[in-house]
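Results of the structural survey
Take a look at the letters that make up each chain.
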Amino acid sequence: MKIKDLKDNFDKQIEINGFVDNVRNLQWVQFLIIKDITGSVQVTIEKSDESNSKLVEIVNNLSIGSTVKIKGIVKENSKVKLNGMEIIPEDIIVTSISLNELPINIKDKDAQEIDTRLDYRFLDLRNDFNKNIFIIQSDIVKYFREYLYSLDFLEIHTPKLIGTASESGSEVFEVKYFDRLAYLAQSPQFYKQMAMSSGFEKIFEVGPVFRAENSNTNRHTTEFTGFDVEFSYINSYEDVMDLEENMIKYSLNKINEKHSKILSDMYGSTISLPTKFPRIKLNDLYDELEKRYGYKVDDEEKNDLTREAEKLSYKYSMEEYNSEFLFVTDFPSEKRAFYHMRKDGIPQGYDLIFRGVEITTGAQREHRFDILKEQAKEKGLDKDVEFYLQFFKYGCPPHGGFGIGIDRFTMLLLNLATIKESMFIFRGPNRLNP
Ligand code: ATP
């Protein structure tokens, strides 16, 4: 039985498994706090009761962090602060022993530096604040999936070991592959599009994405989990924005139904979704930021979103639309990948900004072979991407898609200071362990 279900089983025989979270050994009584993934419960052992002598002996030797199986009766008891109940045990079986005192303070995660916590991540994750991040993250992805399945999307799995380094400017990791070099995939982009050429029509993938970026910001990591979507027969990139918006709304509404209390109490986060995510052209955004906040940048920098502009765009979209999400469109072609479709020279794509940070790039893709080849050539990539260009030689539906970084999205949703917190195990330029 899980601890959360005890409240429905008062006066019944129960059996639970969990970690020993605390031991209080008083003159007349022993209290244990046992914890599983669903909650904590008090176990009470009266020392005066002769029949408890074996249990008292076990508890005398019980270290925090050990795991136990407890058999006994669960009683309602309003005097017990922890959930108004206690277990009166009949048997305590120690299933594993914590050999030493824990090397980090797991009750107060902030009692040590994040890097010390990451060294002992297996213990750090026993902390409730940390554990709940992953309970919520699991649901975010579950509901994204659920939404796409309801629209008949297929989940596919593309290779992460690839033969050519290509696609865009991002740095790729090289790996030794027998007597040659291979590369770690920096996105599933080409394979997602291959699935369109194969007639799969609607697909998504949740998988690792590798970036050899030597950046130590709070939102970059060298390996993250991408949630990538691609679908066919679209009319414009507006369809891509619509799908992403609806997928996020579906997931966040469900997250809100299930976790709103934890979200606000533990992470100080409230989800409020506008009826429609606002959309603005990059140039217009810069005009607004200058007009409203006196934010000025050189024309050259206006080619892309500066970090400061991203941050200010949050202020702007809250003020103007009461929205934490903002679609920014009409980036210049030199800043976008060669495979974005262009109309009158303007890439038909967008970035989605959430709470002042980019969480997605999406676009309608160029599916016409000649034009695509020309655009690849313009970026000096046509030779590197020959295998990819083939996908468009024998017919390929018009299509588009997007990629959202799950770790970054979780960090932003839960107001975490760094992406190190929202990754089960963080990978950065200076960290390959644990
Ligand atoms: P940024 O400009 O923030 O470095 P990007 O333009 O390289 O991001 P894309 O290649 O468009 O990002 O990737 C799509 C999404 O994947 C991003 O919007 C973000 O959510 C996530 N992402 C990209 N790079 C990283 C990274 N290094 N660490 C964590 N998430 C990332």
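Residues numbered from 1 in each chain as written. Predicted model: local features only at pLDDT ≥ 70, side-chain atom pairs only at ≥ 80, totals over all residues. Heavy atoms only, no water.

Below, the discussion takes up the overall build of the protein chain. When helices and strands are tallied, the protein chain shows 12 helices and 18 strands. Principal axes of the C-alpha set define a box for the protein chain whose edges measure 90 × 60 × 40 Å. For the protein chain, the proportion of its 434 residues judged to be buried stands at 51%. Considering only intrachain contacts with a sequence separation of at least 6, the fraction spanning at least 24 residues in the protein chain is 65%. Total accessible area on the protein chain stands at roughly 21,200 Å², and carbon and sulfur atoms take up 49% of it. (Helix = DSSP H or I, 4+ residues; strand = E, 2+ residues; numbered from the N terminus. Buried < 20%, exposed > 50% of the residue type's maximum accessible area, 1.4 Å probe, protein only. Contact = heavy atoms within 4.5 Å. Areas by Shrake-Rupley, 256 points an atom, 1.4 Å probe, with all protein chains shown as cover.)

Where like charges cluster on the molecular surface, the positive patch consists of K373, K377, K383 and K393. Note on placement: K373 falls in helix α9 (residues 369-378). (Patch = residues over 30% accessible without salt bridge, like charges linked within 9 Å, V, L, I, M, F, W, Y side chains within 5 Å. Salt bridge = Lys/Arg side-chain N within 4 Å of Asp/Glu carboxyl O. Lys, Arg positive; Asp, Glu negative; His and termini not counted. Charge placed at Lys NZ, Arg CZ, Asp CG, Glu CD.)

This brings us to the sheet that holds strand β4 (residues 67-76). With mixed pairing, the five strands of this closed barrel are ordered in space as β1-β2-β3-β5-β4. Sheet twist, expressed as the mean angle between neighbouring strand axes with direction ignored, is 50°. Where strand β1 (residues 13-25) meets strand β2 (residues 29-36), six bridges bridge the pair, whose relative direction is antiparallel. Counted as the bridge partner of R24 is F31 from β2. (Pairing = 2+ DSSP bridges. Axes fitted to C-alpha atoms, helices over the stretch in contact; angles between N-to-C directions.)

Pairing in this open sheet of three strands is antiparallel, and the strands run β7-β9-β8 from one edge to the other. Edge positions in the open sheet fall to β7 (161-162) and β8 (174-177), since each of these has one partner strand only.

Let us look at a nonpolar patch on the surface. Residues V94, I97 and L99 make up a contiguous nonpolar surface patch of about 330 Å² in total accessible area. Mapped onto the elements of the fold, I97 is located in the loop between β5 (85-96) and α2 (114-119). Overall, I97 belongs to the exposed group, its relative accessible area being 61%.

Here F134 lies in helix α4 (residues 128-150). A residue is classified by how much of its surface remains accessible, and F134, at 17% relative accessible area, is buried. As a C-alpha pair, F134 and F391 span 257 residues in sequence and 38 Å in three-dimensional space. Excluding its chain neighbours within four sequence positions, the residues that come into contact with F134 are R121, L125, E421, S422, M423 and F424.

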